[in-house]
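Per-entry structural report
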Amino acid sequence: MSFIKFLGTAGARFVVMKQLRASGGVWLSVGKTNLYIDPGPGALVRCLNSKPRLEPSTLDGILLTHKHLDHSGDVNVMIEAMTEGGFKKRGVLFAPRDAFEEDSVVLKYVMGYVEKVEVLKEDSEYRIGDVQFSTARRHQHRVETYGMNFEISPHTVSLVTDTKFFPELPNLYRGEIMVIHVVRLKPIGDDPIDHLSMEDVRTIIKKTKPKLTILTHFGMTMIKAKPWVVAAELEKELGLKVIAASDGMKLDLEEV
Ligand SMILES: [Zn+2]
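What comes next is a walk through the structure. The structure displayed is predicted, hence computed values, not measured ones. (Residues numbered from 1 in each chain as written. Predicted model: local features only at pLDDT ≥ 70, side-chain atom pairs only at ≥ 80, totals over all residues. Heavy atoms only, no water.)

Each helix and strand counted, the chain has 9 helices and 15 strands in total. In terms of C-alpha radius of gyration, the chain reaches 17 Å, essentially the compact-globule figure of 18 Å for 256 residues. Considering the chain as a whole, with its 256 residues, one finds that 57% of them fall into the buried category. Expressed as a percentage of contacts within the chain between residues at least 6 apart in sequence, the contacts between residues at least 24 apart total 63%. About 11300 Å² of surface is accessible on the chain, with carbon and sulfur atoms providing 52% of the total. Of note, the chain has its 34 positive side-chain charges centred 4 Å away from the centre of its 34 negative side-chain charges. (Helix = DSSP H or I, 4+ residues; strand = E, 2+ residues; numbered from the N terminus. Rg over C-alpha atoms; globule rule 2.2 N^0.38 Å. Buried < 20%, exposed > 50% of the residue type's maximum accessible area, 1.4 Å probe, protein only. Contact = heavy atoms within 4.5 Å. Areas by Shrake-Rupley, 256 points an atom, 1.4 Å probe, with all protein chains shown as cover. Lys, Arg positive; Asp, Glu negative; His and termini not counted. Charge placed at Lys NZ, Arg CZ, Asp CG, Glu CD.)

What follows concerns the side chain of Asp162. Assignment of secondary structure puts Asp162 in the loop between strand S10 (157-160) and helix H6 (169-172). For the buried Asp162, no salt bridge is present, and the opposite-charge side chain at shortest range is Arg13, 9.6 Å distant. A distance of 3.4 Å separates polar atoms of two side chains, one belonging to Asp162 and the other to His66. Excluding residues that lie within four positions of it along the chain, Asp162 makes contacts with His66, Asp70, His71, His139, His141, Thr145, His181, Val183, His195 and His217. (Salt bridge = Lys/Arg side-chain N within 4 Å of Asp/Glu carboxyl O. Polar contact = N/O pair within 3.5 Å; in protein donor to acceptor, adjacent residues only side chain to side chain.)

The sheet built from 7 strands is open, its strands ordered S6-S5-S4-S3-S2-S1-S15 with mixed pairing. Among the strands making up the open sheet, the edge pair consists of strand S6 (116-120) and strand S15 (250-252). The mean inter-strand angle of the sheet, taken between neighbouring strand axes irrespective of direction, is 15°. As paired elements, strand S3 (residues 33-37) and strand S4 (residues 61-63) share 3 bridges and run parallel to each other. Considered in S4, the bridge of Tyr36 is made with Ile62. (Pairing = 2+ DSSP bridges. Axes fitted to C-alpha atoms, helices over the stretch in contact; angles between N-to-C directions.)

So, about the layout of surface pockets. Of the volumes computed, that of the largest pocket is approximately 260 Å³. Contributing to the lining of the largest pocket are Ala12, Arg13, Val16, Met17, Pro41, His68, Leu69, Asp70, Asp162, Ile193 and His195. The set of elements that each furnish at least two residues to the lining of the largest pocket consists of helix H1 (12-17) and helix H3 (69-72). Considering each element in turn, the lining of the largest pocket owes the most residues, 4 residues, to H1. Residues of the lining of the largest pocket, tallied by class, amount to 6 nonpolar, 2 polar and 3 charged. (1 Å grid on protein atoms, 1.4 Å probe; cavity = no way out; pocket = protein on both sides within 12 Å on 5 of 7 lines; lining within 4 Å. Points joined across faces, edges and corners; volume = space filled by probe spheres on them. Nonpolar A, V, L, I, M, F, W, Y, C, P; charged D, E, K, R; others polar.)

Geometric values such as these leave the question of function open.
Right under this line is the structure:
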């Protein structure tokens, strides 16, 4: 069975800091392959408390779309759990170059636990077991950031992670299922870190017309507006299926 499980739907600082939503990121299972994407603060706890429990030692890899804390806070402990305390050298760590450079989010001694490190670059293809994916071009975010197109069956999935909106963005993602990190309800001119708003989501999916759009990674303005209400309004307006992820939500890819 292939599935995506949302172990957190918090985005940006305040929702994470106050844990108004969990910030664990996403577990992706395809065939026999398990990949953890963006293990933010609480990822390990959320895995172990998940029902049924998700066992980090069954992970084949961990992927960081970028180094910001809400995407990487638990990366070290998740690597340790994947490698059974570092005793079993295994797994692949995918992350952009700057996640390892100055101010590395991965501790040096923990780096030694993984079997392989794959540095993410723009417009490049990667494979881990049954999961094949490609990065799109670099996002406009303060640190090196990449979204992905997962060429997996039975449905292709795109992950549109944090970015400032730019005109080419809708052309970069083609998944039948589109997971979009939408921090803001409305655009804000002086956003110091650059995030997508619901207006940007409307522009993207109007053009790409995914079979299913899943909103996640909510900032405070989205939480206050109730993400499920915002999703339902957009669904009605565009006639496209749009849902808001909730903590612990599991999407069976065969059932979409
Ligand atoms: Zn970010």
